[in-house]
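Each chain is listed here by its residues.
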Amino acid sequence: AVDNYYSGAPIYEPQLRPLMILCNQGASALERARLFRDLKEAHGSLEIQVKHRTSELTHANAELEAILQEREVLLKEIHHRVKNNLQVISSLLSMQIDHVEDERTCQLLREGGNRLHSMALIHESLYQAKDLKSIDVGDYLPHLVGDIHASYGDMAAGVRLKIDVASAMFETDTVVNLGLIVNELVTNALKHAFPAGRQGLLEVWAQRVEGELLLVV
């Protein structure tokens, strides 16, 4: 027990308990207030840091987007120039055919020009496409087969084309090899299956099966 300061009467522990509880509650309230203040200050500081970091990321993303757009433009320009160069060489070979009398030499020049043209078509497709990594064979192969057929002129006048190629996207390297293969197959068909102006049907069929391209000529 303790003495009352004013009356001198003793104060016992049960009488002090409410006061102690109030003191403890007051101390707890003060501690919570301090913690709330610290938390609020930390939250404000964090918001400032987040806004600053967000601004930096937005600026960095804008710069990256500009670099990617510039890179895409440059790649398209490269594909365009490569296509033009290949077309020029292919055209020169075609013009040379008119000045060569040896049929074997003409055939070699025609085949070489067609191979160059098959690659030129790929670069043309990449120049026109939004995706610079892949090509739709459904657009590429019909153009290629039609151009090869046209290159033989009157020699293939009696040969009708039937082209059924489904739309399917493949990587550029795959389409390059595919173009060369189709060029050889169609060329050999026009040379050996339809000699001396023989009439007939040349069919090219291609479908995507389980991620692979099934090709029939």
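Up top is the structure.
Rules and cut-offs
- Residues numbered from 1 in each chain as written.
- Predicted model: local features only at pLDDT ≥ 70, side-chain atom pairs only at ≥ 80, totals over all residues.
- Heavy atoms only, no water.
- Helix = DSSP H or I, 4+ residues; strand = E, 2+ residues; numbered from the N terminus.
- Buried < 20%, exposed > 50% of the residue type's maximum accessible area, 1.4 Å probe, protein only.
- Contact = heavy atoms within 4.5 Å.
- Core = buried A, V, L, I, M, F, W, Y, C linked by side-chain atoms within 4.5 Å.
- Pairing = 2+ DSSP bridges.
- Salt bridge = Lys/Arg side-chain N within 4 Å of Asp/Glu carboxyl O.

Right, let's get into the environment of isoleucine 97. Of note, isoleucine 97 is situated in helix H1 (residues 13-97). For isoleucine 97, a relative accessible area of 16% translates into the label buried. Spatially, the C-alpha atom of isoleucine 97 lies 14 Å from that of aspartate 154, the residues being 57 residues apart in sequence. Once residues within four sequence positions are removed from consideration, isoleucine 97 is found in contact with Cys106, Leu109 and Arg110.

Of all hydrophobic cores here, the largest spans 26 residues; its most connected members are Val137, Tyr140, Leu141, Val186 and Leu190. Every element with two or more residues in this core is listed here: helix H2 (103-128), helix H3 (137-151), strand S4 (159-165), helix H4 (172-193) and strand S6 (200-209). Excluding residues that lie within four positions of it along the chain, tyrosine 140 makes contacts with Ser118, Leu121, Ile122, Ser125, Ile135, Val175 and Gly179.

As a general feature of sheets, a regular strand has side chains that alternate between the two faces. Strand direction decides the pairing type here: S4 and S6, joined by seven bridges, are parallel. Looking across to S6, one finds that isoleucine 163 is bridged to valine 204. For S6 and strand S7 (residues 212-216), the ladder comprises five bridges, and the chain directions are antiparallel. Bridge pairing links alanine 206 to leucine 215 in S7. Connecting the antiparallel pair S6 and S7 is a turn made up of two residues, with glutamate 210 showing a positive phi of about 55 degrees.

Moving on, we get to the environment of glutamate 103. By secondary structure assignment, the location of glutamate 103 is in helix H2. On the accessibility criterion, glutamate 103 (45% relative accessible area) is partly exposed. Setting aside residues no more than four positions away along its own chain, glutamate 103 makes contact with Arg110 and Met155.

Inspection of the entire model under this criterion finds six salt bridges. Linking aspartate 38 and arginine 34 is a salt bridge whose minimum nitrogen-to-oxygen distance equals 3.0 Å. In this pair, aspartate 38 and arginine 34 both sit in helix H1, four residues apart, roughly one turn of the helix. Since its relative accessible area comes to 29%, aspartate 38 is described here as partly exposed. Its salt-bridge partner being glutamate 56, residue arginine 53 comes within 3.1 Å of it at the nearest N-O pair. Taken together, the residues arginine 53 and glutamate 56, both in helix H1 and three residues apart, mark about one turn of the helix. Judged by relative accessible area, glutamate 56 falls into the partly exposed class, the value being 35%. What you see here is one network of salt bridges that share partners, running through Glu111, Arg115, Glu184 and Lys191.

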